[in-house]
Amino acid sequence: MEGVSALFDGNVDKARTRLADVDYRLDTFTDGPDGRRFAEVADAAARPGSANRGWGRVYVDLGAPPRWSVQVPHPIADQDTERLGAQVLRGAPGGVMVLAGAHRKAGSGSGSDSGADAGGAEEEDTAASGDVADMAHRTDSVFHAVVTELTRRGLPGIQLHGFADSSAPAAGAVVSTGSGNTAAADAERLAARLEGHGIRPCRAWAANCRLSGRNNEQGRLAAERGTRFLHLELARSVRADAGRLAEVAGAVAAVTQGWAGEAPRAPDAAGAATPTG
């Protein structure tokens with residue numbers, strides 16, 4: 001994590017060198033819609049002798065110190081969560097997007113082409129799905145290691161998921177704080193914004209909602225360290241509608257813009273974050 005940590009500290013050159021040592025590349029680019037600069041960390045697959053290991057990517061806003069994260073553990077499997085993640089990243093300065101590198105069923109024997117949201121997030125409430133590439137239920141992954149570093153720094157985060165409409169037919173979204181409750185006020189703000197757009201949320205802190213992510217490993221880590229964590233599940237019909245997806249991104253921005261305006265917290269030696277100033 002030395003390379004990623006250097007990037008979070010704003011030292012791009014050091015980060016590029018350290019990441020190259022472990023066969024990762026660091027590129028920078030300008031985002032078209034607003035001209036902001038971002039860094040992308042990815043497998044150095046284009047380099048001779050390198051391969052795409054499916055270990056995911058990290059995107060970092062270079063225009064502001066890291067203040068918050070958006071996490072996408074099931075790209076493609078939870079369709080359009082990767083698109084939503086990009087929209088959320090654009091919604092407030094100081095964002096970091098952690099994107100898993102493989103379909104959640106990759107390597108499971110059932111194939112990764114079994115359809116959108118198949119084997120979906122119903123398993124979030126109980127235990128790990130058993131899928132070897134299910135990043136929400138693994139701690140031995142690059143995805144979790146990056147989130148661990150963000151959590152060590154005290155950065156709040158929101159994790160994006162999807163479910164088939166039939167899994168929770170009365171709701172368009174499920175909003176949860178995972179296994180902790182530090183982000184309770186943020187969760188209510190998000191739920192209210194979604195409701196204002198006509199997307200009915202199930203509030204996991206006030207109702208018995210399925211898909212509330214209480215066994216999510218990144219949520220457990222946040223709860224252990226007192227860092228805010230939001231777990232957002234969206235129905236397929238919401239994610240399939242570009243207008244609805246933009247409304248969700250706007251609702252999330254109401255939370256992340258608040259996170260972006262907060263003073264950073266300094267990580268202590270034990271890994272918990274303490275306020276500065």
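The paragraphs below set out a description of the structure included in this document. All residue numbers refer to positions counted from 1 along the written sequence of the respective chain. Selection of residues for local features in this predicted model requires a pLDDT of at least 70, selection of side-chain atom pairs for listing and counting requires 80 or more, and totals for whole chains, interfaces and linings are taken over all residues. Hydrogens are left out, water is left out, and the side-chain values use all remaining heavy atoms of the structure.

## Thoughts on the pattern of salt bridges
Then comes step 1: Any carboxyl oxygen of Asp or Glu within 4 Å of a side-chain nitrogen of Lys or Arg constitutes a salt bridge here. All chains considered together, the criterion is met by 19 salt bridges.
Then comes step 2: Between R36 and D61 there is a salt bridge, with the nearest N and O atoms lying 2.9 Å from each other. A residue pair is termed long-range when its members are at least 10 positions apart, and R36 in the loop between β1 (24-30) and β2 (37-43) and D61 in strand β3 (residues 57-61) qualify at 25 residues. Of the two residues, R36 and D61, both sit in the buried class.
Then comes step 3: What emerges from the salt-bridge pattern is a single network uniting D9, E149, R152 and R153. Think of it this way: any DSSP run of H or I at least four residues long counts as a helix, any run of E at least two long counts as a strand, and we number them from the N terminus. Each residue is placed in one exposure class: buried if its accessible area under a 1.4 Å probe, protein chains only, is under 20% of its type's maximum, exposed if it is over 50%, and partly exposed if it falls in between.

## Considerations on the packing of aromatic side chains
Then comes step 1: Pairing of aromatic rings covers Phe, Tyr and Trp, the last counted by its six-membered ring, and requires centre-to-centre distances within 6.5 Å; plane angles under 30 degrees mean stacked, over 60 mean edge-to-face, and any other angle means tilted. This model, assessed by the stated rule, comprises two aromatic pairs.
Then comes step 2: Ring centres of F29 and F38 lie 5.9 Å apart, and the angle between their planes is 20°; on these two criteria the pair is classed as stacked.
Then comes step 3: By relative accessible area, which is 31% here, F29 ends up partly exposed.
Then comes step 4: Summarising the aromatic geometry, the rings of F29 and Y59 are spaced 6.3 Å apart at their centres and angled 80° between planes, so their arrangement reads as edge-to-face. Here F29 is found in strand β1, whereas its partner Y59 is found in strand β3, with 30 residues between them in sequence.
Then comes step 5: Accessibility expressed as a relative area gives 14% for Y59, which makes it buried.

## Describing the layout of surface pockets
Then comes step 1: Of the volumes computed, that of the largest pocket is approximately 280 Å³.
Then comes step 2: Throughout, the protein atoms alone are placed on a 1 Å grid, and a set of points is a cavity if a 1.4 Å probe fits but cannot get out or a pocket if it is open with protein on both sides within 12 Å along at least five of seven lines; lining residues have an atom within 4 Å of a point. Along the wall of the largest pocket there are 20 residues; nearest its centre are M1, V4, L19, V22 and Y24.
Then comes step 3: Among the secondary structure elements, those contributing two or more residues to the lining of the largest pocket are α1 (2-8), α2 (12-21), β3, β5 (95-99) and α4 (142-152).
Then comes step 4: Charged means Asp, Glu, Lys or Arg here, nonpolar means Ala, Val, Leu, Ile, Met, Phe, Trp, Tyr, Cys or Pro, and polar covers whatever is left, Gly included. A class-by-class count of the residues in the lining of the largest pocket yields 14 nonpolar, two polar and four charged. Grid points are joined across faces, edges and corners, and a volume is the space filled by probe spheres set on the points.

## Focus on empty space enclosed by the protein
Then comes step 1: Enumeration over the complete set of coordinates arrives at two cavities of 30 Å³ or more.
Then comes step 2: Approximately 60 Å³ is the volume attributed to the largest cavity.
Then comes step 3: What lines the largest cavity is a set of 13 residues, and nearest its centre among them are Q71, V147, T151, L155 and G157.
Then comes step 4: Sorting the residues of the lining of the largest cavity by element identifies β4 (68-72), α4 and α6 (217-225) as the ones contributing at least two each.
Then comes step 5: Sort the elements by how many residues they give to the lining of the largest cavity and α4 lands first, with three residues.

## With respect to the sheet that holds β1
Then comes step 1: In space, the nine strands of this open sheet follow the order β1-β2-β3-β5-β4-β6-β9-β7-β8, with mixed pairing throughout. Two strands bound the open sheet, and with one partner strand each, they are β1 and β8 (201-203). Strand-to-strand, the axes of this sheet are offset by a mean angle of 20°, without reference to chain direction.
Then comes step 2: At least two bridges found by DSSP between two strands are what make those strands a pair. Across four bridges, the pairing between β2 and β3 is antiparallel. Among the inter-strand pairings, E40 is bridged to a residue of β3, identified as Y59.
Then comes step 3: Any pair of residues with heavy atoms lying within 4.5 Å of one another is described as a contacting pair. An axis is simply a line fitted to the C-alpha atoms; with a helix, the fit covers only the stretch in contact. Between two such axes, the angle follows the N-to-C directions and lies from 0 to 180 degrees. Across the sheet, helix α8 (residues 242-260) touches β4, β6 (157-163) and β9 (229-235), and the angle it forms with β9 is around 175°.

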